[in-house]
Amino acid sequence: MADDFERMWRDLEPVGRASASGGYFRQPFTTSERELAAWFVEQAETRSLRIETDEIGNVVAWWDVGEGPGVLTGSHLDSVLDGGAFDGPLGVVSAFAALDLLRERGFVPARPLGVSVFVEEEGSRFGLACLGSRLAAGVVTWEQARELRDHAGVAFGDVAEGGGSRLLDEVGTFVELHVEQGRDLVDRGAAVGVASGIWPHGRYRFDFTGAANHAGTTRMEDRTDPMLTYAMTALAANKQARLAGQRATFGRLEVTPNGTNAIPSRVIAWLDARCSSDAALAALVEAITDQAAGRAGRDGTRVEVTAESVSGSVSFDAALAALVAADHAGGDWPVISTQAGHDAGILSAAGIPTAMLFVRNPTGVSHSPEEFASMPDCLAGVSALADTLERLAR
Ligand code: HGY
Ligand code: MN
Ligand code: MN
């Protein structure tokens, strides 16, 4: 199994990797991500799996044995900008390796076993997180999705063929293995964990509008500077999140005209907010919005806030999580929550019994080239996934 996993890992390693940072740029429907999608189909074909694709870019490959609703496992192959190697691909490679391991064990499932990839999980190109799985689950319509645009103004409807998706019709249970995006397993000394739930989280676009003017000849008291309103909002967001024990990040900014010697006319900033409850998320976003509006009043600027992507609180099926976590050689696997969104959260919220496995990340870092998981832990994850699939498809 180790050779099998390592070969697949080497296949993916160079694809979409930036030489300077070592990070990955695998945005959906770009050359590197499409190369990974082709790799996935090739891996499915070499295992004689039945390949089902929808018109959005999602793919499911079925081992057609047994009967009834299948057990599906997989993750995503797209990355954030300058992302790590493991977020997404670890779950896909582990899915193929776990299926191979079950075949090596001579296990014949009583239900079909599938391996899946959902497209645009990160929402790093078209802005809506888990776009592929939301469309597959029917919680977003094609008419809504096709109008989503990337930084260059290209619409999702221009790159994806479009329409509905029936891929989940055959799915009885979904399991996603994912690198942990934090240090919980490190601190517990555990290689593998199980997810209890996902914090609610959202992405909000703040449009700050002011008046362009000369950086030198305009007196400070005469300015209507949207950058100032943005800066104070970013500070307020950080303070509000700290005070409430929640998470708030401004990581993306667009300045117009973005000139060194000109007061900007407009600043667009995106807030990523994550909270321990839906009510806390609403309260945090409201507090930040109120402070932005208050500051805009003092600066003479205007601010407009648009929710672009909101994911409600997810509690995974507790009985399923307990079944997955219990009775292992080294003891029960820890059951832990996460603040990172996943396709598993979308499928769970759509009513499909879903479990997540986490693999230890000694750096605790993610959405960065520093993200890491050791090979022994990755292989422990494959064995854990195979054991889980055997338990669920027996
Ligand atoms: O942003 C997230 O929470 C996830 O990594 N897509
Ligand atoms: Mn991910
Ligand atoms: Mn991610």
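Criteria and thresholds
- Residues numbered from 1 in each chain as written.
- Chains lettered and ligands numbered in written order.
- Predicted model: local features only at pLDDT ≥ 70, side-chain atom pairs only at ≥ 80, totals over all residues.
- Heavy atoms only, no water.
- Donors = N, O, S within 2.8 Å, 3.2 Å for Na, K, Ca; no water.
- Helix = DSSP H or I, 4+ residues; strand = E, 2+ residues; numbered from the N terminus.
- Buried < 20%, exposed > 50% of the residue type's maximum accessible area, 1.4 Å probe, protein only.
- Salt bridge = Lys/Arg side-chain N within 4 Å of Asp/Glu carboxyl O.
- Phe/Tyr/Trp six-rings, centres within 6.5 Å; stacked < 30°, edge-to-face > 60°.
- Core = buried A, V, L, I, M, F, W, Y, C linked by side-chain atoms within 4.5 Å.
- Contact = heavy atoms within 4.5 Å.

Teacher, can you tell me more about the coordination of the manganese ion (ligand 3) here?
Reference values for angles at a metal are 109.5 degrees in the four-donor tetrahedral case and 90 or 180 degrees in the six-donor octahedral case. The coordination sphere of the manganese ion (ligand 3), as far as protein atoms go, consists of Asp87 (OD), Glu122 (OE), Glu122 (OE) and His367 (NE2), spread over 2.0 to 2.7 Å. Spacing between the donor residues of the manganese ion (ligand 3) along their common chain follows D-x34-E-x244-H. Taken as a pair, the manganese ion (ligand 3) and the manganese ion (ligand 2) lie 3.5 Å from each other and share Asp87 as a ligand. Highlighted residues: Asp87 in the loop between strand E3 (70-75) and helix H3 (89-104) and Glu122 in the loop between strand E4 (113-117) and helix H4 (131-137), separated in sequence by 35 residues. Each member of the pair Asp87 and Glu122 is classed as buried.

Explanation requested: the pattern of salt bridges in the structure shown.
Close approach of charged atoms lets side chains of opposite charge pair. For the structure on display, the rule yields 23 salt bridges. Here Arg7 and Asp11 are joined by a salt bridge, their closest N and O atoms 3.9 Å apart. Here Arg7 pairs with Asp11, and both are found in helix H1 (residues 2-12), just four residues apart, close to one helical turn. Classification of Asp11 as partly exposed rests on a relative accessible area of 32%.

Would you mind showing me how to read the packing of aromatic side chains here?
The description of an aromatic ring pair rests on the distance of the ring centres and on the angle between the ring planes. The tally for this structure, following the rule as stated, stands at 13 aromatic pairs. Between Trp142 and Phe156 the ring centres are 5.7 Å apart and the planes differ by 55 degrees, which places this aromatic pair in the tilted class. On the criterion of sequence distance, the pair formed by Trp142 in helix H5 (residues 142-145) and Phe156 in helix H6 (residues 156-159) is long-range, its members being 14 residues apart. In this structure Phe156 comes out as buried when scored by relative accessible area, which is 0%. Seen from their ring centres, Tyr230 and Phe250 are 5.6 Å apart, and the 90 degrees between their planes marks the pair as edge-to-face. Within this pair, whereas Tyr230 is found in helix H8 (residues 226-244), its partner Phe250 is found in strand E9 (residues 247-256), the two being separated by 20 residues in sequence.

Hey, could you run me through the nonpolar core in this one?
What tends to happen in soluble globular proteins is that the nonpolar side chains get buried as a cluster. In this structure, Phe5, Phe40, Leu90 and Phe96 are the most contacted members of the largest nonpolar core, which totals 56 residues. Take this core: its biggest share by element is ten residues, from H3. Among residues more than four places away in sequence, those in contact with Phe96 are Met8, Trp39, Phe40, Gln43, Ala44, Arg47, Leu49 and Val115. Phe118, Leu185, Ala195 and Val314 belong to the second-largest nonpolar core, a separate cluster that totals 23 residues.

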